[in-house]
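# Notes for the structure review
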There are 2 protein chains.
Amino acid sequence: LAGISQEILEKFRPLFNPRAIAFPGASKDPGKWGYIILNNLIKGGYRGKVYPVNPKEAEILGLKGYSKIEHIPETPDLAVIVVPPRSVVSVVKDCVKKGIKAGIVITAGFAEIGGEGKDLQKEMVEAARAGGMILLGPNCNGIMNPADHVHVQFPSFYPQPGPIAVIAQSGNVVDSVARQIMLRGHGLSKAISAGNQADLTIEDYLEYLGEDPQTGVILGYVEGIEKGQKFLHIAGKVSRRKPIIILKAGSSEAGAQAAMSHTASIAGSDVVFDAVCRQTGIIRVSNLNELLNIGMAFLRQPLPRGRRVGIVTGGGGWGVLAADVCARLRLEVVCLPEKTIKELDAFMPPWWNRGNPVDLVANVQGDNVFKAVEVVLDCPKVDGVLMMSIMPALQPGRLSSPAKPGTGKGRGGEAVQAVVEVIERFNSLAEKHQKPVIVASEHMFADAVMETQINYGLGQHQAICHQMPHQAARVFQALSNYADYLNRT
Amino acid sequence: LAGISQEILEKFRPLFNPRAIAFPGASKDPGKWGYIILNNLIKGGYRGKVYPVNPKEAEILGLKGYSKIEHIPETPDLAVIVVPPRSVVSVVKDCVKKGIKAGIVITAGFAEIGGEGKDLQKEMVEAARAGGMILLGPNCNGIMNPADHVHVQFPSFYPQPGPIAVIAQSGNVVDSVARQIMLRGHGLSKAISAGNQADLTIEDYLEYLGEDPQTGVILGYVEGIEKGQKFLHIAGKVSRRKPIIILKAGSSEAGAQAAMSHTASIAGSDVVFDAVCRQTGIIRVSNLNELLNIGMAFLRQPLPRGRRVGIVTGGGGWGVLAADVCARLRLEVVCLPEKTIKELDAFMPPWWNRGNPVDLVANVQGDNVFKAVEVVLDCPKVDGVLMMSIMPALQPGRLSSPAKPGTGKGRGGEAVQAVVEVIERFNSLAEKHQKPVIVASEHMFADAVMETQINYGLGQHQAICHQMPHQAARVFQALSNYADYLNRT
């Protein structure tokens with residue numbers, strides 16, 4: 001088995017960890033992809049050699065230009081191909097001749113436009129396969145591998161390294177997700193814009209990410225799956241080791257048509273994909289926010305043993321909302337046993353509601369909030385806790401006065417530190433009891449700018465504080481669905 | 001009819017526009033509500049006189065203290081009551097004797113705890129009604145009326161004046177919503193924390209907000225409705241003039257129990273509330289984000305004449321996602337007629353998808369983006385447009401290089417201005433064609449801090465750019481449901 005993993009990692013090494021890169025189609029025109037992507041690669045701090053290939057330019061972005069691939073003085077691992085569609089086949093043949101093992105075809109105008117494009121794509125793949133070259137794309141935005149400074153990418157931002165991998169059949173979506181990961185202070189292992197999947201397909205990437213030691217959780221955006229059996233086999237195998245969370249698009253007629261013209265994907269039936277998810281343990285989500293929230297939650301939370309939830313809330317309304325969503329998601333808001341109620345009685349005010357949600361009312365603050373969560377975690381009838389509002393735990397009165405909205409001025413670091421400490425205390429309780437504690441809260445004392453700083457600060461600890469009650473409940477459901485899959489297999 | 005409106009406004013004047021305020025229960029202890037709320041009222045810039053009433057203090061927060069209400073040298077319009085529950089009845093009686101016309105009872109410990117609390121609440125209401133005094137609460141966080149600087153409130157933030165009203169059976173939720181409105185740069189007309197609704201109920205507030213000239217749209221959080229017929233009558237009447245958007249909680253058994261112990265509300269059946277919404281035109285939402293997004297959209301968007309959507313997208317994946325959600329929400333992603341396709345052909349690249357979503361691919365930028373939207377708006381088969389990603393319209397390459405995430409440093413004002421201009425151009429097209437243009441976009445060039453500044457800047461124009469495709473589609477659905485209600489009645 002270890003041998004197989006090494007083989008897979010080795011196959012993808014030229015793509016994700018190239019020692020040198022050829023760049024056919026590199027350009028001096030800042031409006032062209034051949035400029036934008038080369039520029040982003042350089043700015044991303046790539047450490048190997050880059051060889052722009054362009055018959056008309058002796059120098060591009062400070063790098064010596066080559067008129068032909070064969071003139072490059074060494075054999076690069078990877079070719080980034082940005083030439084017009086009709087030139088791609090011959091470029092791939094040149095790459096093969098040179099001994100290049102991997103290609104990223106950014107260029108669009110292949111199967112997604114039908115007709116001639118379809119034929120070109122077929123020819124291109126045949127040329128690559130005949131020469132033992134793997135191809136990502138065409139019609140894609142490239143890849144990111146922040147840990148190794150490999151940024152063959154369209155957008156000009158640079159997420160930090162971390163455990164979250166993203167793979168998408170849409171450059172647009174892979175960039176969205178990578179960017180959100182960055183903005184929330186989290187880190188990325190790999191971003192893969194799969195494009196038309198002419199040669200390598202989502203199954204190959206999943207298999208690779210399953211082996212990739214840098215990847216802890218896999219987020220996917222999928223428009224269509226063509227190799228059903230292969231997908232079932234690989235997804236099922238990988239998801240036993242790492243959670244896979246997928247947003248599947250094209251489930252409507254309009255969406256399916258759009259997917260076809262977008263990446264030539266056949267969307268397939270929604271019901272079938274649901275069945276695939278049940279069988280493989282894939283967590284299916286219905287929008288981009290869920291994809292991110294659930295992915296990030298897996299990084300730090302122990303898995304629940306079941307679906308029985310205890311809710312502790314600093315605000316009555318949020319408790320009611322959380323309970324509603326739990327019911328809708330078929331989580332059980334359990335009736336707390338007499339023993340737990342009595343333990344809470346010891347420090348709760350006499351008029352507390354003696355129910356689940358445990359409403360902290362206005363009187364329970366500071367350490368008693370953590371005590372309440374721990375009492376509920378300790379209850380054998382409870383598989384985990386939803387904590388609504390960290391305000392009472394934070395005692396914001398201890399912080400200085402609030403900043404003005406939109407100015408970014410104010411207590412800044414002090415507030416971020418305070419929130420991180422509170423969330424980390426909840427995370428410690430989760431770890432101690434081996435039950436998840438999923439927190440949703442506003443930051444009443446913070447302006448919008450400070451709030452983004454708080455989220456960023458939490459991300460730096462791979463922690464997360466959800467914005468709304470329904471998001472926390474959805475995350476709990478996803479954790480318990482995944483736990484259930486692991487128990488079944 | 002004008003006479004009736006004046007009567008309603010006059011009834012609520014002492015509550016929302018008091019000329020002077022008595023404050024029984026005012027306190028010098030910064031941990032007590034009697035301090036926090038008085039302090040927030042003063043900091044909020046209230047212009048009338050405030051009379052703290054506390055037998056033990058000669059002075060509170062720089063104001064002369066009064067040992068008894070009867071000693072106050074004038075008759076205040078409003079009493080803010082923060083004394084312990086068992087003292088509330090006698091305080092209300094003192095208020096009545098003094099001729100005070102309205103009371104806000106912050107104090108908790110009434111019907112929501114059952115038993116004695118229930119009796120106290122009944123006695124309190126009887127005393128008030130006997131003296132012609134209206135009561136808000138008990139067990140509430142107070143009110144906000146930013147235009148008149150009346151901030152009888154728990155949280156220490158101050159939204160600017162604007163057209164959005166919030167009414168909630170949860171202080172926690174009303175504060176959440178008011179704060180989000182503020183952080184997004186929008187303005188608030190009134191925030192009402194209705195508490196246990198012992199005297200005034202949600203029906204009364206709805207009727208008032210229906211007449212309130214400062215209110216353009218009403219957001220509500222409801223745990224239970226007791227006066228079914230009255231609610232039907234008033235909500236139906238008000239929603240013919242102003243959109244009412246409601247998040248109803250307590251729909252699950254666990255949620256209903258929590259609602260009972262929270263504000264003594266009887267949650268009632270979910271199915272019944274759905275029927276109420278259909279009959280009254282209320283837009284029911286399922287979480288706090290929807291409540292906000294939809295409320296804000298009503299401020300600037302013309303109503304669609306039907307459910308037929310044109311999607312224009314700057315990113316393939318986002319287009320597919322938008323189409324899917326439209327189908328799920330029973331919006332019709334129409335097949336564009338030959339005429340529209342031909343008009344688009346004139347400036348779209350030859351390989352464009354010739355379908356709906358209209359995928360701008362990488363080649364359509366700047367003015368052509370607006371042109372594409374206008375061509376689709378102009379199509380008689382389309383009732384409005386979802387615009388996915390403003391990146392091509394913005395041409396971010398024209399802006400300077402991106403800032404570092406989380407630092408708040410960078411182009412700031414330039415980027416905010418650029419996005420506001422783009423959104424305003426879409427809003428102008430919407431107005432010109434009298435069809436909505438709902439935009440969702442990321443801001444790829446912006447860091448998290450800048451993004452909050454962008455949202456804030458948009459809010460200052462009562463404009464909104466949604467974060468994700470599913471949110472934009474949901475907003476379109478809400479607009480068309482409301483339009484449908486107006487057409488029916």
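None of the values given here were measured: they were computed from a predicted structure. (Residues numbered from 1 in each chain as written. Chains lettered and ligands numbered in written order. Predicted model: local features only at pLDDT ≥ 70, side-chain atom pairs only at ≥ 80, totals over all residues. Heavy atoms only, no water.)

### As for the sheet that holds strand S5 (residues 78-81) of chain A
Residue and element names in this part refer to chain A. Note the following rule: Here the rule is simple: two strands pair whenever DSSP picks up at least two bridges between them. Secondary structure elements are taken from DSSP: a helix is a run of H or I of four residues or more, a strand is a run of E of two residues or more, and numbering for both begins at the N terminus. Axis lines are fitted to C-alpha atoms, over the contacting stretch for helices. Their N-to-C directions set the angle, which ranges from 0 to 180 degrees.
With parallel pairing, the 5 strands of this open sheet are ordered in space as S2-S1-S5-S6-S7. Strand pairing shows two members of the sheet lacking a second neighbour, strand S2 (49-53) and strand S7 (134-136), which therefore form its edges. Going from strand to strand, the sheet's axes swing by 20 degrees on average, the running direction of each strand aside. Sheet analysis places S5 next to strand S6 (residues 102-105), joined by 4 bridges and oriented parallel. Looking at S6, one finds that Val 80 is bridged to Ile 104.

### Observations concerning the interface of chain B and chain A
For clarity, the threshold we go by: Residue contacts are counted whenever heavy atoms from the two residues lie within 4.5 Å of one another. As a working definition, buried area equals the accessible area (1.4 Å probe) given up by two parts on being put together, with both sides summed. Here, a salt bridge means any side-chain nitrogen of Lys or Arg that lies within 4 Å of a carboxyl oxygen of Asp or Glu. For the purposes of these results, a polar contact is taken to be a pair of N or O atoms within 3.5 Å, where, inside protein, one atom must be able to donate a hydrogen and its partner to accept one; residues adjacent in sequence count only when each atom of the pair is a side-chain atom. Residue classes follow a fixed rule: Ala, Val, Leu, Ile, Met, Phe, Trp, Tyr, Cys and Pro count as nonpolar, while Asp, Glu, Lys and Arg count as charged, and any other residue, Gly among them, counts as polar.
Contact with chain B, which involves 66 residues of that partner, is made by 66 residues of chain A. Around 5,000 Å² of area is buried between chain B and chain A when both sides are counted, 61% of it from carbon and sulfur atoms. Counting the surface chain B buries against chain A, the share from its top three residues, Arg 179, Val 320 and Met 444 of chain B, is 11%. Taken together, the connections running from chain B to chain A amount to 4 salt bridges. In this structure, the salt-bridge partner of Arg 179 of chain A is Glu 442 of chain B, at a minimum N-O distance of 3.3 Å. Seen at the junction of chain B and chain A, the total is 22 residue pairs in polar contact (both at pLDDT 80 or more). In terms of residue count, the dominant contributor to the side of chain B that touches chain A is helix H11 (residues 316-328) of chain B (9 residues). Across the side of chain B that touches chain A, the residue classes tally to 31 nonpolar, 25 polar and 10 charged.

### Let's talk about the relation of the copies chain B and chain A
Here the second copy of the chain follows from the first by a rotation about an axis and a shift along it. Operational definition: Our superposition of the copies is a least-squares fit, built on the C-alpha atoms of residues whose pLDDT is at least 70 in both.
Mapping chain B onto chain A leaves a residual RMSD of 0.0 Å; the transformation is a rotation of 180 degrees accompanied by 0.0 Å of translation along its axis. Both copies of the chain, as the preceding transformation shows, are related through a two-fold rotation axis. No C-alpha of chain B lies nearer the rotation axis than that of Val 449 of chain B, which sits 2.7 Å from it. In this assembly, 100% of the residues forming the interface of chain B have copies in chain A that are likewise at the interface, indicating an isologous arrangement.

### Focus on helix H4 (residues 115-130) of chain B
Residue and element names in this part refer to chain B. Note the threshold: Expected span of a helix, by definition, is 1.5 Å for each gap between consecutive residues, and there is one gap fewer than residues. When a residue's accessible area, from a 1.4 Å probe over protein chains only, is under 20% of the maximum for its type it is buried; when over 50% it is exposed; and in between it is partly exposed. In this description, the arc belongs to the directions extending from the helix axis to the C-beta atoms.
For H4, spanning 16 residues, the distance from its first C-alpha to its last is 23 Å, which sits close to the expected 22 Å at 1.5 Å a residue. Regarding H4, the residues found buried are Gly 117, Leu 120, Gln 121, Met 124, Val 125, Ala 127 and Ala 128. Taken around the axis of H4, the buried residues stretch over an arc of 160 degrees, which confines them to a single face. Exposed side of H4, more than 90 degrees from the buried face: Gly 115, Lys 118, Asp 119, Lys 122 and Ala 130 are the residues found there. Buried residues belonging to H4 abut helix H3 (85-98), strand S6 (102-105) and strand S7 (134-136). With its phi angle positive at about 65 degrees, Gly 132 sits one or two positions after the end of H4.

### Considerations on the nonpolar core
Test applied: In plain words, nonpolar cores are sets of buried Ala, Val, Leu, Ile, Met, Phe, Trp, Tyr and Cys residues tied together by side-chain atoms within 4.5 Å.
Of all hydrophobic cores here, the largest spans 209 residues; its most connected members are Leu 344, Leu 386 and Phe 426 of chain A together with Leu 344, Leu 386 and Phe 426 of chain B. Non-local contacts of Phe 426 of chain B, meaning those with residues more than four positions away in its chain, are made with Val 369, Phe 370, Val 373, Met 387, Ile 390, Ala 393, Val 437 and Val 439 of chain B. Of all hydrophobic cores here, the second largest spans 48 residues; its members include Leu 15, Ala 26, Leu 41 and Val 82 of chain A.

### Thoughts on the confidence of the model for chain A
All names here are of chain A. Threshold: Confidence of the predictor at the level of single residues is captured by pLDDT, which takes values from 0 to 100.
This prediction gives chain A a mean pLDDT of 92; 94% of its residues lie at or above 70. In this model residues 401-411 is a low-confidence stretch, pLDDT under 50, and it forms 24 contacts with partners more than four residues away in sequence or in other chains. Predicted as a complex, the structure gets a pTM of 0.90 and an ipTM equal to 0.86.

### A short note on the side chain of His 186 of chain A
Residue and element names in this part refer to chain A. Summarising the element assignment, His 186 is placed in the loop between helix H5 (171-183) and strand S11 (187-193). The class for His 186 is buried, based on a relative accessible area of 2%. Ignoring sequence-local partners within four residues, the contact set of His 186 consists of Gln 160, Ile 164, Ile 181, Met 296, Leu 299, Gly 459, Gln 462 and Ala 463.

### Thoughts on the environment of Met 260 of chain B
All names here are of chain B. As for its position among the elements, Met 260 is in helix H8 (residues 253-263). Overall, Met 260 belongs to the partly exposed group, its relative accessible area being 39%. Counting along the chain gives 64 residues from Met 260 to Asn 196, while the straight-line C-alpha distance between them is 9.9 Å.

### With respect to the environment of Val 271 of chain A
Among the secondary structure elements, Val 271 of chain A is positioned in helix H9 (residues 270-280). Once the C-alpha coordinates of Val 271 of chain A and Arg 284 of chain A are considered, the two residues, 13 residues apart in sequence, prove to be 12 Å apart.

### Structural notes on the side chain of Asp 77 of chain A
Residues and elements named next belong to chain A. Within the secondary structure, Asp 77 sits in the loop between strand S4 (63-64) and S5. Exposure remark for Asp 77: the relative accessible area of 10% places this residue in the buried category. Within the structure, the side chain of Asp 77 is placed 3.5 Å from the side chain of Arg 13, a separation counted as a polar contact. At 2.7 Å, the side chain of Asp 77 forms a polar contact with the backbone nitrogen of Arg 19. When neighbours within four sequence positions are excluded, Asp 77 is seen to be in contact with Arg 13, Pro 14, Asn 17, Pro 18, Arg 19, Ala 20, Ile 100, Lys 101 and Ala 102.

### Brief notes about the packing of aromatic side chains
For the record, the criterion: The aromatic pairing rule takes the rings of Phe, Tyr and Trp, using the six-membered ring of Trp, and pairs them if the centres are within 6.5 Å, calling planes under 30 degrees apart stacked, those over 60 edge-to-face and the rest tilted. In this scheme, Lys NZ or Arg CZ marks a charge over a ring once it lies within 6 Å of the ring centre and within 35 degrees of the ring normal.
For the structure on display, the rule yields 16 aromatic pairs over all chains. Aromatic pair Phe 298 of chain A and Tyr 482 of chain A: ring centres 5.2 Å apart, planes at 85 degrees, arrangement edge-to-face. Residue Phe 298 of chain A is found in helix H10 (residues 288-300), and its partner Tyr 482 of chain A is found in helix H17 (residues 469-488); the two are separated by 184 residues along the sequence. The class for Phe 298 of chain A is buried, based on a relative accessible area of 11%. Taken together, the ring pairs connect Phe 12, Phe 16, Tyr 205 and Tyr 208 of chain A into an aromatic cluster. Lys 248 of chain A extends its terminal NZ or CZ atom over the ring of Phe 273 of chain A, reaching a point 5.8 Å from the ring centre. In this structure, Lys 64 of chain B is placed above the aromatic ring of Tyr 66 of chain B, and the distance from its NZ or CZ to the ring centre is 4.7 Å.

### Observations regarding helix H6 (residues 202-211) of chain A
By the criterion of burial, H6 of chain A is predominantly enclosed, with 9 of the 10 residues buried. Where H6 of chain A is concerned, the buried positions are Ile 202, Glu 203, Asp 204, Tyr 205, Leu 206, Tyr 208, Leu 209, Gly 210 and Glu 211 of chain A.

### Digging into the sheet that holds S6 of chain B
Residues and elements named next belong to chain B. With parallel pairing, the 5 strands of this open sheet are ordered in space as S2-S1-S5-S6-S7. Both outer strands of the open sheet, strand S2 (49-53) and S7, are each paired with one neighbouring strand and no more. Recorded for the sheet is a direction-independent mean angle of 20 degrees between the axes of neighbouring strands. Across the sheet, helix H2 (residues 33-43) lies against strand S1 (20-24), S2 and strand S5 (78-81), angled at about 165 degrees from S1, the strand it touches most.

### Topic: the pairing of S5 of chain B
The two faces of a sheet get side chains in turn, since along a regular strand they alternate between them. Residue and element names in this part refer to chain B. Definition in use: Every crossover in which the path from the first strand over the helix to the second runs clockwise, viewed with the strands pointing away from the viewer, is termed right-handed.
Of the two faces of S5, the one lined by Leu 78 and Val 80 and the one lined by Ala 79 and Ile 81 are each fully buried. Pairing geometry for S1 and S5, over 2 bridges, is parallel. Paired with Ile 21 across the two strands is Leu 78, which belongs to S5. Traced from S5 through H3 to S6, the parallel crossover comes out right-handed.

### Here's the deal with the packing of H10 of chain A against H17 of chain A
All names here are of chain A. This is how the line gets drawn: These descriptions rest on fixed angle ranges, namely under 35 degrees for roughly parallel, over 145 for roughly antiparallel, 65 to 115 for roughly perpendicular, and the rest for oblique. In a left-handed crossing the near helix is turned counterclockwise from the far helix by less than a right angle, and in a right-handed crossing that turn is clockwise.
Interhelical geometry of H10 versus H17 gives an angle of 60 degrees and a closest axis separation of 9 Å. Accordingly, the angle class assigned to the pair H10 and H17 is oblique. In the crossing of H10 with H17, the sense of the turn from one axis to the other is right-handed. For the pair H10 and H17, the contacting residues are Glu 290, Asn 293, Ile 294, Ala 297 and Phe 298 in the first and Gln 471, Arg 474, Val 475, Ala 478, Leu 479 and Tyr 482 in the second. Of the residues that constitute the contact of H10 with H17, the class distribution is 7 nonpolar, 2 polar and 2 charged.

### Some remarks on unusual backbone geometry
In this chain, Gly 137 of chain A is followed by Pro 138 of chain A through a cis amide linkage whose omega measures 0 degrees. Turning to its location among the elements, Pro 138 of chain A is positioned in the loop between S7 and strand S8 (142-145). One non-glycine residue with positive phi stands out, namely His 149 of chain B, at about 60 degrees. Mapped onto the fold, His 149 of chain B is located in the loop between strand S8 (142-145) and strand S9 (150-153). Phi at Arg 354 of chain B is positive, roughly 50 degrees, even though this residue is not glycine. Inspection of the secondary structure assignment puts Arg 354 of chain B in the loop between helix H12 (338-345) and strand S17 (358-359). By relative accessible area, Arg 354 of chain B is classed as partly exposed at 41%.

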